[in-house]
Amino acid sequence: MKKQLSLLLVLACFGGCRPKSVMPITNQISKIWKANTVTEANVLVFTLGTTTNIKPGYGNFLLDLSQPDKASLTDVDGRLTTGTWTVSTDNKRLILNNLTPKPTNTGGIIEYYILTAPDGSSLKLERTADSRKTGNTVNQYDLIPR
């Protein structure tokens, strides 16, 4: 009887131990984002509101995630690409898929690491691969809602 009770107690303890489900962050990032600051290869090249930016083209940078599964990106060169977007199941990467026209050397996919948990007022991203548009640099973006 004691063995059965002990076994039941152990099973109850383990039965209550379930992995925490990761809440999707899609609600926090479903917005139109603009650049607040941009760093290319650890060099700050853009700060919103500054007139002495190394790359003022980031003033037109927009990442539109406002519609489910529909993305548009206006990059530093002003070129618009459209496609779809998803967030990885662990909420650590933002993935832009099926981009048209395909940015050079991307196969139509651009991925970003999500550097901090989004709170709806900022989105901090880092490209997972270098960007040909910026001289093959890995770029970090501190974005704010438009």
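From a predicted model like this one, the values you see are computed outputs, not experimental measurements.

Engineer: Talk me through the pairing of strand S4 (residues 70–74); I want residue IDs and the actual numbers.
Structural biologist: For S4, the buried fraction is high: 4 of the 5 residues fall into the buried class. Direction of pairing for strand S3 (residues 62–67) relative to S4: antiparallel, over a ladder of 4 bridges. Along S4, the bridge assignment pairs Asp 64 with Ser 72. Bridge analysis of S4 against strand S5 (residues 80–87) gives 4 bridges, and the strand direction is antiparallel. Residue pairing across strands places Ala 71 opposite Gly 83, the latter belonging to S5.

Engineer: So, unusual backbone geometry: which residues are in play, and what are the values?
Structural biologist: With an omega of -10°, the peptide bond between Thr 100 and Pro 101 qualifies as cis. Residue placement: Pro 101 occurs in the loop between strand S6 (93–100) and strand S7 (110–114).

Engineer: How would you sum up the pairing of strand S9 (residues 139–145)? Please name residues and give values.
Structural biologist: Where strand S1 (residues 32–40) and S9 come together, 7 bridges link them in antiparallel fashion. Within the sheet, the bridge partner assigned to Thr 37 lies in S9 and is Asp 142. With 4 bridges connecting them, strand S8 (residues 123–127) and S9 associate as antiparallel partners. Bridge assignment links Leu 125 to a residue of S9, and that residue is Tyr 141.

Definitions and cut-offs
Residues numbered from 1 in each chain as written. Predicted model: local features only at pLDDT ≥ 70, side-chain atom pairs only at ≥ 80, totals over all residues. Heavy atoms only, no water. Buried < 20%, exposed > 50% of the residue type's maximum accessible area, 1.4 Å probe, protein only. Helix = DSSP H or I, 4+ residues; strand = E, 2+ residues; numbered from the N terminus. Pairing = 2+ DSSP bridges.

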